[in-house]
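# A structural walkthrough
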Amino acid sequence: MARMLRRLRKGFQSLTSFSAATIQPNLSASESSRSEVALLSFFSPKPRDFSLPNSSWGSEMMRLYDHYNSQCEAETEGGQTQGSPWQRLPSYNRSLKYAPGGVYLSKIVQSKARLFTRNIREPGAAFEYALFVNKGEKKCVCIFQAGWLLEGPPGHVHGGAIATMIDTVTGTHATFLSGPIMTANLNIAYRSPIPLGSTVLIESSLDTQEGRKTFISCKVMSTDGSKLHTEATVLFVSINVSHLVRGG
Ligand SMILES: CCCCCCCC(=O)SCCNC(=O)CCNC(=O)[C@H](O)C(C)(C)COP(=O)(O)OP(=O)(O)OC[C@H]1O[C@@H](n2cnc3c(N)ncnc32)[C@H](O)[C@@H]1OP(=O)(O)O
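Residues numbered from 1 in each chain as written. Predicted model: local features only at pLDDT ≥ 70, side-chain atom pairs only at ≥ 80, totals over all residues. Heavy atoms only, no water.

The chain is annotated in an unreviewed UniProt entry as Acyl-coenzyme A thioesterase THEM4 of Echeneis naucrates. Here is the UniProt Sequence similarities (unreviewed entry) comment for the chain, exactly as written: "Belongs to the THEM4/THEM5 thioesterase family." (UniProt positions renumbered as here; feature names shortened; annotations may be inferred.)

Put into structure tokens, the structure is as follows:
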């Protein structure tokens, strides 16, 4: 038990290096046998990245993905990265997988726990999203396609699902800026409903950092920017990882 806690603590500590996370493409699935696949997945350091395009993504989602992705750091032939302020952030289904060596760790520390937004297997059914961070402007943009399992009012997205996405986007942004954090306060104003199946933009921008506190503002808008769906302000408090290990 003590050993497991030490491993968990080490995993969470490594989450501080989340800001240095690199883009990790999907594992190729052309293996010749099932046992080979199992073996490969155990030894591969690359977890599945859920923010890569899949067959459920509509044309607007793909257009925006291509737009932001084309502005991200590109590797030149010499292995150098071109100086773009934009970076696409990968997205995994377990917190542990963000840590260096976290794929191995997640094999060792078996658990049914999964990240809320990445636990529905059917592509397109719920939260389809990809996040891009702009290091220079300290802002983050998320393209979000809301699936049919997120219904609240008829034909429209549930307010809790919108809050979840705001918490996820601003929380990821705050982690990128400040290391391990927890949401302390989340204020939301719902301005206009989001149709199910539509794609929207979620923009997160840093207001201030004061000691352990990171204040972030967030807007959910139509992709042409003409309609404001939701706005929010969020306070994150930096935590020591022991806060999670001892249960707050
Ligand atoms: C990959 C996907 C990423 C997704 C990210 C998702 C993030 C989440 O959803 S986290 C889950 C939801 N949040 C929680 O469960 C948090 C529960 N709360 C806690 O654990 C604690 O109250 C915690 C960590 C927020 C603060 O506790 P603690 O570390 O003791 O801080 P504390 O000393 O009380 O406060 C620090 C400062 O923050 C302020 N503060 C703390 N809580 C609040 C609050 N709710 N409202 C306003 N200010 C607050 C304090 O006033 C203090 O300010 P100052 O330094 O100016 O005096």
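Counting 29 residues, the largest nonpolar core has Phe127, Cys142, Phe144, Leu150, Met165 and Ile202 as the members making the most contacts within it. Where this core is concerned, the elements lending two or more residues are strand E2 (127-134), strand E3 (139-146), helix H5 (159-178), strand E5 (199-210), strand E6 (213-222) and strand E7 (228-238). When residues in this core are grouped by element, the largest group, seven residues, is from H5. Ignoring any residue separated from it by four or fewer positions in sequence, one finds Ile202 in contact with Cys140, Val141, Cys142, Phe144, Met165, Val169, Cys218, Lys219 and Val220. Listed in part, the 13 residues of the second largest apolar core include Trp57, Tyr65, Tyr68 and Ile143. (Core = buried A, V, L, I, M, F, W, Y, C linked by side-chain atoms within 4.5 Å. Buried < 20%, exposed > 50% of the residue type's maximum accessible area, 1.4 Å probe, protein only. Helix = DSSP H or I, 4+ residues; strand = E, 2+ residues; numbered from the N terminus. Contact = heavy atoms within 4.5 Å.)

Now for the UniProt feature "domain: Thioesterase" (unreviewed entry) in the chain. The feature "domain: Thioesterase" (unreviewed entry), as annotated in UniProt, sits at residues 155-226 in this numbering. End C-alpha to end C-alpha, residues 155-226 measures 20 Å, and it is 28% helix and 44% strand.

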